Structure formats: structure tokens, C-alpha cells
Amino acid sequence: MSARYAVDGKVVFITGGARGVGAEVARRLRAKGARLVLTDLDEAPLAELAAELGGADHVLTALADVRDLPAMQRAADAAVQRFGGIDIVLANAGIASFGSVLQVDPEAFKRVIDVNVVGVFNTVRATLPAVIDRRGYVLVVSSLAAFTSSPGLSAYHASKAGAEYFANTLRLEVAHLGVDVGSAHMSWIDTPLVQDAKADLSAFREMLSKLPPPLNRTTTVAACGAAFVKGIEGRRKRIYCPGWVGAFRWIRPLVPTEVAERDIRKITPELLPKLDAEVAALGRSLSARTEALEKP
């Protein structure tokens with residue numbers, strides 16, 4: 001739809017809402033008059049954000065794991081009971097694991113797929129009947145990682161490609177019901193996910209520094225939140241942040257060619273063993289924060 005979709009009075013359901021992009025979008029939408037349903041596993045920042053945004057009159061919170069469909073269903077039912085329905089869903093919760101296919105903890109790999117793909121399904125499955133009732137909008141957070149590849153991040157790339165194609169399929173299924181579906185694709189955003197990776201892994205920092213511009217640049221959470229809100233108001237099929245990310249969708253067939261992969265292939269023989277050694281030394285393939293929150 002090209003017309004602006006006013007969010008004032010709309011009920012917005014956001015997963016991963018306690019920090020990062022989820023929290024930024026929540027703040028921006030609340031400033032525009034939206035009522036919010038925020039889910040996360042990080043209890044303290046979730047409660048703090050809810051208080052900041054006006055408390056129970058405007059914000060409903062739920063400690064819910066997106067891997068748990070009954071928990072997501074309870075959150076969706078509570079949203080309908082509290083606010084009368086759900087207009088917009090932002091399936092934002094996501095994690096990453098690090099390490100080559102030979103090094104990454106298999107349980108961590110599975111957890112990334114469970115959160116980033118199955119979690120998106122659970123979020124949408126639980127909320128979709130209410131969204132259909134309101135002829136609303138669903139935004140699935142994918143990534144530039146759906147269009148490209150980086151060694152040591154196989155689970156993340158696979159999951160974000162899966163999230164994109166889930167959104168594409170959902171769009172076809174619900175268009176005739178008046179529901180619009182978008183996918184969001186971002187480069188490196190200064191979220192806890194990227195901050196934790198930089199803190200844990202010098203090889204990750206080195207990889208970023210050796211990527212060609214603009215792939216080596218990190219975008220602010222504020223810029224990403226602004227792009228998401230603009231996309232929500234436009235009920236857009238795709239949101240890119242920064243805007244140049246959209247070019248990768250069109251050149252995607254060229255991305256896995258040897259010519260396009262030349263630079264990353266040059267640095268992989270040195271950086272991947274270094275990354276694997278750091279992951280082994282840490283004794284984990286996930287960030288410490290994710291390990292603490294995302295209990296198997």
C-alpha cells in the first residue's frame with residue numbers, strides 16, 4: 001500500500017522488545033500513539049522500557065520465549081484481551097552463533113535456527129488471526145545476511161534467508177485477506193548482538209575492518225528504528241537499512257560467484273582459524289548474554 005498507515009491507536013506486537021532495534025521501534029511507535037505488546041526474555045530492561053513508555057495503560061509485557069508456541073499464544077491472547085486486538089506484528093527477536101561448520105556448537109546452531117526461523121513462525125502463528133481481523137501488517141526481520149555469506153556465520157545466514165522466504169510465502173497466503181507482509185534487511189547495526197560479537201571475538205572485528213565499504217560500516221540503532229517505522233507506516237514489502245542494502249537483493253545471483261567472493265576468500269584462510277580458536281577458548285558459540293537468556 002502506498003498510503004501512509006497511521007499507527008496512532010494501533011496495537012503493535014514486538015518480539016525481542018527489551019533492547020536494540022525492538023526497543024527503539026517501540027519508543028518511536030509509542031511517541032506516535034501506538035499501544036505496545038513487548039515480549040522478551042530479558043526481564044529487567046523489559047520492565048524498565050515499559051515504565052518509560054507509560055506503564056500498563058499503554059504497554060503490555062510478556063516474558064516469553066519465541067521458541068515456545070504456547071507461550072507466544074498466551075502473549076497474543078493477553079494482547080487481545082488487554083487492547084482488543086493486534087494491528088501490527090514485528091517479528092524481531094534474533095540471535096547469532098559464531099564458528100565454522102566444523103567448530104560451532106551444534107546445539108548453538110540449532111538454537112539460532114529455532115529462534116530466528118521457528119520463532120518467527122511461532123510469533124506469526126499466534127498473532128495472525130488477530131492481525132487478519134484488523135487487516136493489519138506483519139514485518140519479519142531478516143537481514144543483508146539473506147543475500148550474502150560470511151564464513152563462521154552459517155547458522156545466521158541460513159536463518160535469515162529462511163526468515164525472508166517465510167515472509168515471502170506468508171505474503172502470498174494473506175494478501176487476499178487484507179494483510180500486508182514485509183521483510184526487513186539490515187547491514188551491521190550497533191545492537192547488543194554486534195556489540196557482544198565485537199567484545200568476544202577479535203577475529204570478528206578484524207573481519208569487519210577488512211570488508212570493503214560500505215560493508216564494513218555499522219549503522220546506528222536510531223537510524224534502523226527510523227527506517228522500520230517508516231516502513232511500517234508504508235506497509236512496505238521490504239525495508240532496507242541502510243538503503244544500499246537493497247542493491248544486494250537485485251545482484252544476489254552474482255554474490256556467490258568466485259569474482260564477487262574474491263576478497264572474502266582471501267581473508268578466510270587466516271581469519272576463520274583465528275575465529276574458531278577464539279570460539280574454542282570461550283567455550284561457547286553464543287554470546288554470554290544469549291547463553292544466560294536462551295536456555296535450551
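Residues numbered from 1 in each chain as written. Predicted model: local features only at pLDDT ≥ 70, side-chain atom pairs only at ≥ 80, totals over all residues. Heavy atoms only, no water.

Per an unreviewed UniProt entry, the protein chain carries the name Short chain dehydrogenase and comes from Mycolicibacterium cosmeticum. For the record of the protein chain, the UniProt heading Sequence similarities (unreviewed entry) holds the text "Belongs to the short-chain dehydrogenases/reductases (SDR) family." (UniProt positions renumbered as here; feature names shortened; annotations may be inferred.)

J.: Quick question: what am I supposed to make of a nonpolar patch on the surface here?
T.: Among the surface-exposed residues, Trp-250, Ile-251 and Leu-254 lie close enough to one another that they form a single nonpolar patch of about 360 Å² accessible area. Secondary-structure assignment places Trp-250 in helix H9 (residues 245-250). (Patch = residues over 30% accessible without salt bridge, like charges linked within 9 Å, V, L, I, M, F, W, Y side chains within 5 Å. Areas by Shrake-Rupley, 256 points an atom, 1.4 Å probe, with all protein chains shown as cover. Salt bridge = Lys/Arg side-chain N within 4 Å of Asp/Glu carboxyl O. Helix = DSSP H or I, 4+ residues; strand = E, 2+ residues; numbered from the N terminus.)

J.: Explanation requested: helix H6 (residues 192-200) in the structure shown.
T.: Residues that lie three or four places apart on an α-helix share one face, since the helix turns once every 3.6 residues. The complete set of buried residues in H6 reads Pro-192, Val-194 and Ala-197. Buried residues along H6 sit against helix H1 (20-31), helix H7 (202-210) and helix H11 (288-293). (Buried < 20%, exposed > 50% of the residue type's maximum accessible area, 1.4 Å probe, protein only. Contact = heavy atoms within 4.5 Å.)

J.: How should the pattern of salt bridges be read in this particular structure?
T.: One side chain can pair with another of opposite charge once the charged atoms of both are near each other. Taken as a whole and judged by the stated rule, the model has 16 salt bridges. One salt bridge in this structure joins Glu-206 and Lys-274, with 2.9 Å as the shortest N-O distance. Taken together, the positions of Glu-206 in helix H7 and Lys-274 in helix H10 (residues 262-282) put the pair 68 residues apart, joining distant regions of the chain. Lys-274 sits in the partly exposed class, given a relative accessible area of 34%. For Glu-261, the salt bridge goes to Arg-265, with nearest N and O atoms at 2.9 Å. The structure contains a network of salt bridges with shared partners spanning Arg-4, Lys-32 and Glu-233.

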